[in-house]
Amino acid sequence: ISMQFPALQPTSPDRMRVECAYRRMSEVPRYPYLEQDRCVPAAVLLSPRFMGRIRLDSRGNTVFPHFDAAGLCGYEIKNRGFTGFAGGGEKGLWFSHTRCDDRRLILAESAIDALSHAALFPDAEDQTRYASLGGKPSSRQMGLIEATLARLAEGAEIVAAFDADPAGRRLAEEIRELVAKTAHRTERSDLIFKSHLPTQEGEDWNTVLQAASVGSRM
């Protein structure tokens, strides 16, 4: 698994500020907010698939970097009762590390949902990569997803692991259409689309994980 971030090609002062701020953030051995509040196991957070794709800022906020074709373009900021985004940054996609033999892409609305899906449905063969949008995607982000789909290995599955609500179902349908469009444009009939939403209306994969974690302690 590549542990390197994509090379940054600064094109604006804002982008350079985002990069400088991100470089000052720390990779740490434990992530209290994710482990305690969100019930994401440390074993998942510190696995080779995700190591280095999460940082802490100087205020103790959890940070998820976003990338586009040129490299780091922004970052999500998460903490108890707080969600923010890098000033001057743009939303791209948050990615786990990838391997050339990956057979599956899990696409979630948030990085925390992607991590939760990894915890709930571990891949013993470690052939699953993860990406998230950071909320409702822009047309720019949909273009990044399309480019990602076109580079997947032969016979790869694309799994829409969104929320069980109207917005999540609409987003899953948008991704299904994007997979079909990509398959047609690239003449790739091998790409497989699947939708995997929580069974209970209104849930996301992190609420499912939290409920499972509470149940396992009872």
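Cut-offs used in this document
- Residues numbered from 1 in each chain as written.
- Predicted model: local features only at pLDDT ≥ 70, side-chain atom pairs only at ≥ 80, totals over all residues.
- Heavy atoms only, no water.
- Helix = DSSP H or I, 4+ residues; strand = E, 2+ residues; numbered from the N terminus.
- Buried < 20%, exposed > 50% of the residue type's maximum accessible area, 1.4 Å probe, protein only.
- Contact = heavy atoms within 4.5 Å.
- Salt bridge = Lys/Arg side-chain N within 4 Å of Asp/Glu carboxyl O.
- Pairing = 2+ DSSP bridges.
- Axes fitted to C-alpha atoms, helices over the stretch in contact; angles between N-to-C directions.
- Parallel < 35°, antiparallel > 145°, perpendicular 65-115°, else oblique.
- Left-handed = near helix turned anticlockwise from the far one by under 90°.
- Nonpolar A, V, L, I, M, F, W, Y, C, P; charged D, E, K, R; others polar.
- Expected span 1.5 Å × (residues − 1).
- Arc of directions from axis to C-beta.

J.: Explain the overall build of the chain to me, please; I cannot follow it from the model alone.
T.: Scanning the chain from N- to C-terminus turns up seven helices and nine strands. Dimensions along the principal axes, computed over C-alpha positions, put the chain at roughly 55 × 45 × 35 Å. Within the chain, buried positions represent 50% of all 218 residues. In the chain, 72% of the contacts between residues at least 6 apart in sequence involve partners at least 24 apart.

J.: I tried to follow the pattern of salt bridges on my own but got confused; where do I start?
T.: Applying the stated criterion across every chain, the model contains 21 salt bridges. Its salt-bridge partner being Glu-201, residue Arg-169 comes within 3.0 Å of it at the nearest N-O pair. Highlighted residues: Arg-169 in helix H6 (residues 166-186) and Glu-201 in the loop between strand S9 (192-195) and helix H7 (205-217), separated in sequence by 32 residues.

J.: Explanation requested: the sheet that holds strand S3 (residues 71-79) in the structure shown.
T.: Paired through backbone hydrogen bonds, the strands of a sheet run either parallel or antiparallel to each other. Pairing is antiparallel across the open sheet formed by four strands, whose spatial order is S1-S2-S3-S4. The open sheet terminates on both sides in strands that have one partner only, identified here as strand S1 (55-56) and strand S4 (82-85). Pairing geometry for S3 and S4, over four bridges, is antiparallel. In the sheet register, Glu-76 faces S4, and the bridge partner there is Phe-85. Taken strand by strand, helix H1 (residues 13-23) contacts S1, strand S2 (62-68) and S3, and its axis lies near 55° from that of S3.

J.: I tried to follow the packing of helix H5 (residues 139-150) against H6 on my own but got confused; where do I start?
T.: In a pair of packed helices, the angle between the axes and the distance between the axes together describe the arrangement. H6 packs onto H5 with a crossing angle of 50° between their chain directions and a minimal axis gap of 10 Å. With respect to their mutual orientation, H5 and H6 come out oblique. Crossing hand, H5 versus H6: right-handed. The residues of H6 that touch H5, namely those facing Met-142, Ile-145, Glu-146, Leu-149 and Ala-150, are Glu-174, Ile-175, Leu-178, Val-179, Lys-181, Thr-182, Arg-185 and Thr-186. Of the residues contributing to the contact of H5 with H6, the split by class is seven nonpolar, two polar and four charged.

J.: Hey, could you run me through H6 in this one?
T.: Within an α-helix, residues lying three or four positions from one another point in the same direction, as the helix has 3.6 residues per turn. Helix length check: H6 (21 residues) gives 30 Å between terminal C-alpha atoms against 30 Å at 1.5 Å per residue, within 8%. Those residues of H6 not exposed but buried are Gly-168, Leu-171, Ala-172, Ile-175, Leu-178, Val-179, Thr-182 and Ala-183. Looking straight down H6, one finds that the buried residues subtend no more than 135° of arc, so they occupy a single side. Across from the buried face of H6, at angles greater than 90 degrees, the exposed residues are Arg-170 and His-184. On its buried side, H6 packs onto strand S6 (104-108), H5, strand S8 (157-161) and S9. Following H6 by one or two positions, Glu-187 adopts a phi angle in the positive range, close to 55°.

J.: Mind showing me how you'd approach the sheet that holds S8 here?
T.: Spatially, five strands are ordered S5-S7-S6-S8-S9 in an open sheet, and the strand pairing comes out mixed. On the outer flanks of this sheet lie strand S5 (94-95) and S9, each paired with one strand and no other. Examined bridge by bridge, S5 and strand S7 (residues 128-132) share two bridges and lie antiparallel to one another. When the bridges of S7 are listed, Trp-94 appears paired with Ser-132. The strands touched by helix H4 (residues 111-120) are S5, S6, S7 and S8; relative to S7, the strand with the most contacts, the crossing angle is about 155°.

J.: Would you mind going over the pairing of S2 with me for this structure?
T.: Consecutive side chains along a regular strand alternate between the two faces of the sheet. For S2, the tally of buried residues reaches seven of seven residues, placing the bulk of the element in the interior. Of the strand pairs in this sheet, S1 and S2 are connected by two bridges, and their pairing is antiparallel. Across the sheet, the residue bridging to Arg-55 is Val-63, located in S2. The antiparallel hairpin formed by S1 and S2 contains five residues in its connecting segment, where Gly-60 sits at a positive phi of about 85°. Here S2 pairs with S3 via seven bridges, running antiparallel. Of the residues in S3, the one forming a bridge with Phe-67 is Leu-72. Counting the residues between successive antiparallel strands, the hairpin from S2 to S3 contains two residues.

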